[in-house]
Amino acid sequence: MYTSSRLGQVWQVLTPLLNVGVYYLIFGVLLNTKRGVTDFMPFLVTGVFIFTFTQRSLQAGAKSVSANLSLIRALHFPRASLPFAYVIVELQQLLISMVVLFGIIFAFGERPSLQMLLIVPMLALQLCFNMGLSLALARVGAFTPDVQQLLPFIMRTWLYASGVIFFLPSLAHRLEQHHWLLELLKANPGSVYVELARTSLLASYRDDLHRIHWGDDHLWWYAIFWAVAAMIVGFWYFQRAEERYGRG
């Protein structure tokens, strides 16, 4: 993936870190979205790294079939293995990034705790969600290549709606007349996995939520629902076109 770059694998970590720097300057400093968050940098880094896993998985999955047409036409194998392989590669890259993520949160005063072990089942659920959605996008991308050009704009909009760069409870008073919209934002899978990662890794963030009496006992149920639903629907949708991939 990075053989043509001088820095090689460093870009896997450097890219989200550069995004963090830009988001911190624009949203944290200029727009002051860090209000209500004690340690905004760990908050922001965790959100960006976790959301980037989904973002890169879906973008890679969308081109997994169209980029391997010669392989599909030459060999008979389960086509679903292609998007699966791309998502597994992104998981491996994320695990490398997690070393940097833990280094940053520890540098800002977080201490190791048993609560941090919850990141393991959370990542497992996010992996299933990414695989399911990648399967669906792989079929769409195979027959409608233009979706690969549209996907970055969709992912950027999704990032802005997922609380990656702002404190979601800060919207509560603004949406008092539209409570359903707040609940929709909380159930958003992008937000669900980011929030679970933050509450697992950041004791300061848990304290921030406790201080304002903000809790959502449904986060794990949302995470399980999105993972299972994405895998079932995504696999079913992808398999329906199994014999059509590589034709024409």
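Worth saying up front: this structure is predicted, and the values here are computed from it rather than measured.

### Overview of helix H4 (residues 81–107)
Part 1: In this model, H4 (27 residues) spans 39 Å end to end at C-alpha, consistent with the 39 Å of a helix rising 1.5 Å per residue.
Part 2: The sharpest bend along H4 comes to roughly 25°, located at Ser97.
Part 3: Just downstream of H4, Gly109 is the residue with a positive phi angle, here 105°.

### Observations regarding the packing of helix H7 (residues 179–187) against helix H8 (residues 189–201)
Part 1: At a closest axis distance of 5 Å, the pairing of H7 and H8 adopts a crossing angle of 65°. Between H7 and H8, the residues in contact are Leu185, Lys186 and Ala187 and Pro189, Ser191 and Val192, respectively.
Part 2: Considering only residue class, the contact of H7 with H8 consists of four nonpolar, one polar and one charged.

### Quick look at the confidence of the model for the chain
Part 1: Of the residues in the chain, 93% reach a pLDDT of 70 or more, and the chain-wide mean stands at 87.
Part 2: Taken element by element, the predicted model of the chain shows its lowest mean pLDDT in helix H1 (residues 10–30) (75) and its highest in helix H10 (residues 219–239) (96).

### Section: the packing of aromatic side chains
Part 1: The final tally for this structure, using the stated rule, is 11 aromatic pairs.
Part 2: Between Phe167 and Tyr205, the aromatic rings sit 6.0 Å apart at their centres with planes inclined by 75°, giving edge-to-face as the arrangement. With Phe167 in the loop between helix H6 (147–160) and H7 and Tyr205 in helix H9 (residues 203–211), this residue pair connects regions lying 38 residues apart in the sequence.
Part 3: Residue Phe167 is classed as buried on the basis of its relative accessible area, which comes to 4%.
Part 4: Counting every residue linked through ring pairs, the aromatic cluster contains Phe40, Phe43, Phe167 and Tyr205.
Part 5: Across from the ring centre of Tyr237, 4.2 Å away, lies the NZ or CZ of Arg139, which sits over that ring.

### A short note on the environment of Ala241
Part 1: By secondary structure assignment, the location of Ala241 is in the segment after H10.
Part 2: The exposure class assigned to Ala241 is buried, which follows from its relative accessible area of 1%.
Part 3: Sequence spacing of Ala241 and Lys34 is 207 residues, and the spatial spacing of their C-alpha atoms is 46 Å.
Part 4: The contacts of Ala241, once residues within four sequence positions are left out, are Arg139 and Phe143.

### Some remarks on the nonpolar core
Part 1: Residues Met122 and Ile165 are the most contacted members of the largest nonpolar core, which totals 58 residues.
Part 2: In terms of residues, this core owes the most to one element, helix H2 (residues 40–62), which gives 11 residues.
Part 3: Counting residues in hydrophobic clusters, the runner-up holds 10 residues, among them Leu82, Ala138, Phe238 and Tyr245.

### Some points on the packing of H2 against helix H5 (residues 119–143)
Part 1: Two elements in contact, H2 and H5, have axes separated by 7 Å at closest approach and are oriented at 30°. In terms of orientation, H2 lies roughly parallel with respect to H5. Judged by the sense of rotation from one axis to the other, the crossing of H2 with H5 is right-handed. On the side of H2, the interface is formed by Ile50, Phe53, Thr54, Ser57, Leu58, Gly61 and Ala62, while H5 contributes Met122, Leu123, Gln126, Leu127, Phe129, Asn130, Leu133, Ser134, Leu137, Ala138, Gly141 and Ala142.
Part 2: Per-class residue counts for the contact of H2 with H5 are 12 nonpolar, seven polar and no charged.

### Describing the pattern of salt bridges
Part 1: A complete count under the given rule lists four salt bridges for this structure.
Part 2: For Glu195, the salt bridge is made with Arg198, and the minimal N-O distance between the two is 3.1 Å. In this pair, Glu195 and Arg198 both sit in helix H8, three residues apart, roughly one turn of the helix. Arg198 shares its class with Glu195; the two are buried.
Part 3: For Arg211, the salt bridge identified is with Asp208, shortest N-O distance 2.8 Å. With Arg211 and Asp208 both in helix H9 and three residues apart, the pair spans about one turn of that helix.
Part 4: Assessed through its relative accessible area of 1%, Asp208 is described here as buried.

Basis of the calculations
Residues numbered from 1 in each chain as written. Predicted model: local features only at pLDDT ≥ 70, side-chain atom pairs only at ≥ 80, totals over all residues. Heavy atoms only, no water. Helix = DSSP H or I, 4+ residues; strand = E, 2+ residues; numbered from the N terminus. Expected span 1.5 Å × (residues − 1). Bend = angle between axes of the 7 residues up to and from the residue. Axes fitted to C-alpha atoms, helices over the stretch in contact; angles between N-to-C directions. Contact = heavy atoms within 4.5 Å. Nonpolar A, V, L, I, M, F, W, Y, C, P; charged D, E, K, R; others polar. pLDDT = per-residue confidence, 0-100. Phe/Tyr/Trp six-rings, centres within 6.5 Å; stacked < 30°, edge-to-face > 60°. Buried < 20%, exposed > 50% of the residue type's maximum accessible area, 1.4 Å probe, protein only. Lys NZ or Arg CZ within 6 Å of the ring centre and 35° of its normal. Core = buried A, V, L, I, M, F, W, Y, C linked by side-chain atoms within 4.5 Å. Parallel < 35°, antiparallel > 145°, perpendicular 65-115°, else oblique. Left-handed = near helix turned anticlockwise from the far one by under 90°. Salt bridge = Lys/Arg side-chain N within 4 Å of Asp/Glu carboxyl O.

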